[in-house]
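# Structural features, examined
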Amino acid sequence: MSFGEVWVQPARAALAAITPLPPSLTPPTGPTNSRELRGAPAFPTHSRDSRSASRGTMEPWILLLGAGIALGCVSGREYLYTAPDSCEGRCGEPFSEEDECHCHAECVTQHNCCEDHERHCGPGGEGAEDGARARDGFSSSRDSITDQELLELSEQLYGADHNKARPSDIAINPQHLAGPDETGDKQDRSPQPLYKYVNEELFSKPTYASFIKLLDNYQRATGREEEVTAEELREQERFLEEVMKTELMKKLFVFLQGKNRYSSQQEFLQDLKQMWFGLYSRGDGEQDSSGFEHVFSGEVKKGKVSGFHNWIRFYLLEKQGVVNYFSHNFNGPWDSYPDVLGLQFSWDGFYKEVGSAFIGCSPEFEFGLYSLCFLARPGRACHLSLGGHRLSVQTYPWTKSTYGSGRRFIATAYVMSP
């Protein structure tokens, strides 16, 4: 995969708990309402649209931002999510040609500063007391996350994905490779399903089982208010509890704690819950969306599929006959899982022109990798390495509403395909 990389000498102090970068990466070379898993599992693959009648009257829950989620008291981390077109929390960061605008000292003479550079980074500005303030607004340059550290940490998370599928667990049939002029014409050029076989024993693992229970909690159409029930809140908590038991997520927390992002695991968990599950409006004011719904479950907006970047969701809906695979425009170089596929498909007649997904990874791998990139490179390409192969993840913050002390929700996150 050909992705441009900016190599920065790594600051290794925060990676004490992580093994060194491999030499290969040296630059530059049931049908029940309770949805219980019983025996051969009957997985919840339909959305709230089709299940609301069968669940009876559900108790709505009004989201309260109170003492239970005390995110507003996190001193010194209020700039955690920085808009890519702002210098808020970015004063003195190194130049990167990928940035929309810049906040380093030379940007004034180079005429490429962000519009609010003077307010945040000029004399007397909000960031003037620390000209070395790192990307995303932490107290010093040692708290910044370098490109090299992202390469190292992503390899470590890749190695820690102990719940990923084995090569014998999944067989896919990519069929037609679509050219650039074919992805938008909505032609089904693959007569067979994408998935020939999936070992569904994977889905009995705790992180998989708790993830799957979340998938039918949403109305896919934007503009329709989401009602979060007490049961669904418990499912969110259970998923977060299960993923945090894994080595992968523990390793991610240790790294972020070392970078002054979080002071405790509880703070990390509460922030994950808000950034992924907190509701906001993609429509006309209705609380109709969240990062988790968009990325993992999928939405329909203006007659098109939006988000929907998860292989488990795709498999379950394809098995039901609800998703129809059309073609692929990219197949990654990995000979084991996780792999990456760029694909075209329809969902109940709604088309996805260019989608992308990790194939065969565990839920915690995708959840953790996207969270890392959202925290480290919000609104920017996040360059990573998996098994010696480069790839990039793109995330965007939701800019129209915030939580806590100005923190951003996740708008989207996806693995990029060339």
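Located above this text is the structure these notes cover.
Residues numbered from 1 in each chain as written. Predicted model: local features only at pLDDT ≥ 70, side-chain atom pairs only at ≥ 80, totals over all residues. Heavy atoms only, no water.

For the rest of this paragraph, the subject is helix α8 (residues 265-277). Between the first and last C-alpha of α8 there are 18 Å, a value that for 13 residues agrees with the 18 Å anticipated at 1.5 Å per step. Of all 13 residues in α8, 11 are buried, a share of seventy percent or more. For α8, the set of buried residues is E267, F268, L269, Q270, D271, L272, K273, Q274, M275, W276 and F277. Those residues of α8 that are buried are in contact with α6 (230-244), α7 (247-258), α9 (291-297), α11 (363-376), β11 (389-403) and β12 (407-415). (Helix = DSSP H or I, 4+ residues; strand = E, 2+ residues; numbered from the N terminus. Expected span 1.5 Å × (residues − 1). Buried < 20%, exposed > 50% of the residue type's maximum accessible area, 1.4 Å probe, protein only. Contact = heavy atoms within 4.5 Å.)

Here a disulfide denotes a covalent bond joining the sulfur atom of one cysteine to the sulfur atom of another. Following the criterion strictly, the structure yields 4 disulfides and no others. Note on cysteine connectivity: C87 is disulfide-linked to C103, with sulfurs 2.1 Å apart. Every disulfide takes its handedness from the sign of the S-S torsion; for C87 and C103 that torsion is -100 degrees, giving left-handed. Residue C87 is found in the loop between β1 (60-61) and α2 (107-110), and its partner C103 is found in the loop between β1 and α2; the two are separated by 16 residues along the sequence. Between the sulfur atoms of C373 and its disulfide mate C382 the distance is 2.2 Å. Residues C373 and C382 are joined by a disulfide whose S-S torsion is about -70 degrees; by sign, that bridge is left-handed. (Disulfide = S-S within 2.5 Å.)

Now for the nonpolar core. One recurring pattern in soluble globular proteins is that nonpolar side chains are buried together. F203, W276, W311 and F358 are the most contacted members of the largest nonpolar core, which totals 84 residues. The biggest single contributor to this core is α11, with 9 residues. By size, the runner-up hydrophobic cluster in this structure holds 6 residues, among which are C87, C91, C103 and C114. (Core = buried A, V, L, I, M, F, W, Y, C linked by side-chain atoms within 4.5 Å.)

Mapped onto the elements, S392 comes out in strand β11. Separated by 2.7 Å, the side chains of S392 and H383 make a polar contact. (Polar contact = N/O pair within 3.5 Å; in protein donor to acceptor, adjacent residues only side chain to side chain.)

Two quantities define a packed helix pair, namely the angle between the helix axes and the distance between the axes. Axis separation between helix α4 (residues 147-159) and α7 bottoms out at 10 Å; the angle between their running directions is 155 degrees. In terms of orientation, α4 and α7 fall into the roughly antiparallel class. Classified by chirality, the crossing of α7 by α4 is right-handed. Along its contact with α4, which presents E149, L153, Q156 and L157, the element α7 presents L248, K251, L252 and F255. For the contact of α4 with α7, the class distribution of residues is 5 nonpolar, 1 polar and 2 charged. (Axes fitted to C-alpha atoms, helices over the stretch in contact; angles between N-to-C directions. Parallel < 35°, antiparallel > 145°, perpendicular 65-115°, else oblique. Left-handed = near helix turned anticlockwise from the far one by under 90°. Nonpolar A, V, L, I, M, F, W, Y, C, P; charged D, E, K, R; others polar.)

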